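# Structure assessment
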Amino acid sequence: MADKTLICKDCNAEFVFSEGEQAFYQEKGFQNEPQRCPTCRQARKQQRRNNGFGGGNRGYGRNFSDRW
């Protein structure tokens, strides 16, 4: 496997999909190559967290700090 240069679908910047990353993807069974550069990937992850899709208390259960 050799490093691959890919184009980010969000910002159109080129980024390298390294041999090590390719091996990781293969080991995890991922079928597709990454479509976003690391910067856009991180921004998208942060956006999901800010929109409430990052886990945490999703309104289920009880907040015990409200008890006192």
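Residues numbered from 1 in each chain as written. Predicted model: local features only at pLDDT ≥ 70, side-chain atom pairs only at ≥ 80, totals over all residues. Heavy atoms only, no water.

## Quick word on the side chain of Arg 36
Put simply, the test is: What counts as a helix is a DSSP run of H or I of at least four residues, what counts as a strand is a run of E of at least two, and both are numbered from the N terminus. N or O atoms within 3.5 Å of each other form a polar contact, as long as, within protein, one can give a hydrogen and the other can take it, and as long as residues adjacent in sequence are counted only when both atoms are side-chain atoms.
Tracing the chain through its elements places Arg 36 in the loop between α1 (19-28) and α2 (38-50). A polar contact of 2.8 Å, which involves the side chain of Arg 36, links it to the side chain of Asp 10.

## Quick look at α2
Counted only if it meets this: To estimate how far a helix should reach, multiply one less than its number of residues by 1.5 Å.
Between its first and last C-alpha atoms α2 spans 18 Å; for 13 residues at 1.5 Å apiece the expected length is 18 Å, and the two agree. Note on α2: the residue one or two positions beyond its end, Gly 52, has a positive phi of about 90°.

## Some words on the confidence of the model for the chain
Keep this limit in mind: Per-residue confidence from the predictor is reported as pLDDT, which spans 0 to 100.
Chain-level statistics for the chain give a pLDDT mean of 86 and a share of 76% at 70 or above. Put simply, α2 is where the chain has its lowest mean pLDDT, 94, and strand β1 (residues 4-7) is where it has its highest, 98.

## Details of the pairing of strand β2 (residues 14-17)
Applicable threshold: Partly exposed describes any residue whose relative accessible area lies between the buried limit of under 20% and the exposed limit of over 50%, with all areas from a 1.4 Å probe on protein chains only and scaled to the type maximum. In short, DSSP must find at least two bridges between two strands for them to pair.
Of the two faces of β2, the one holding Phe 15 and Phe 17 is buried and the one holding Glu 14 and Val 16 is not buried anywhere. Linking two consecutive strands that pair antiparallel, namely β1 and β2, is a turn of six residues; a positive phi of about 65° is found at Asn 12 within it.

## Side note on the state of the cysteines
One covalent bond between the sulfur atoms of two cysteine residues makes up a disulfide. To keep things clear, this is the line we draw: Cysteine sulfur atoms are paired as a disulfide whenever they come within 2.5 Å of each other.
In the structure shown here, the tally under the stated rule is zero disulfides. For Cys 11, which is in no disulfide, the shortest distance to another cysteine sulfur is to Cys 8 and amounts to 3.7 Å. Free of any disulfide, Cys 37 has its nearest neighbouring cysteine sulfur in Cys 40, separated by 3.6 Å.

## Some details on the environment of Asn 12
Mapped onto the secondary structure, Asn 12 falls in the loop between β1 and β2. Residue Asn 12 is classed as exposed on the basis of its relative accessible area, which comes to 58%. Between the C-alpha atom of Asn 12 and that of Arg 36, which follows or precedes it by 24 residues, the distance is 8.7 Å.

## Examining a positive patch on the surface
We count it as follows: Patch membership requires over 30% relative accessible area and the absence of a salt bridge. Like charges are linked within 9 Å, and nonpolar side chains (Val, Leu, Ile, Met, Phe, Trp, Tyr) within 5 Å. Where accessible areas are quoted, they stem from the Shrake-Rupley method and a 1.4 Å probe; at the residue level, only the protein chains shown are allowed to cover. Salt-bridge detection follows one rule: a side-chain nitrogen of Lys or Arg within 4 Å of a carboxyl oxygen of Asp or Glu. In this tally, Asp and Glu contribute negative charge and Lys and Arg positive charge; neither His nor the terminal groups of the chain are included. To locate a charge, the coordinates of NZ of Lys, CZ of Arg, CG of Asp or CD of Glu are taken.
The grouping of Lys 9, Arg 41, Arg 44, Lys 45, Arg 48 and Arg 49 at the surface amounts to a positive patch. By secondary structure assignment, the location of Arg 49 is in helix α2.

## Here's the deal with the packing of aromatic side chains
Using the following cut-off: Stacked, tilted and edge-to-face are the three classes assigned to paired rings of Phe, Tyr and Trp, where Trp is represented by its six-membered ring and a pair needs centres within 6.5 Å; plane angles under 30 degrees give stacked, over 60 edge-to-face, the rest tilted.
For the structure on display, the rule yields four aromatic pairs. Here Phe 24 and Phe 30 contribute two aromatic rings whose centre-to-centre distance is 6.4 Å and whose plane-to-plane angle is 70°, an arrangement assigned as edge-to-face. The partly exposed category is assigned to Phe 24, whose relative accessible area is 41%. By relative accessible area, Phe 30 is classed as partly exposed at 45%. Considering the side-chain rings of Tyr 25 and Phe 30, the 5.2 Å spacing of their centres and the 80° angle between planes classify their relative orientation as edge-to-face. The exposure class assigned to Tyr 25 is buried, which follows from its relative accessible area of 18%. In this structure an aromatic cluster arises from ring pairing among Phe 17, Phe 24, Tyr 25 and Phe 30.

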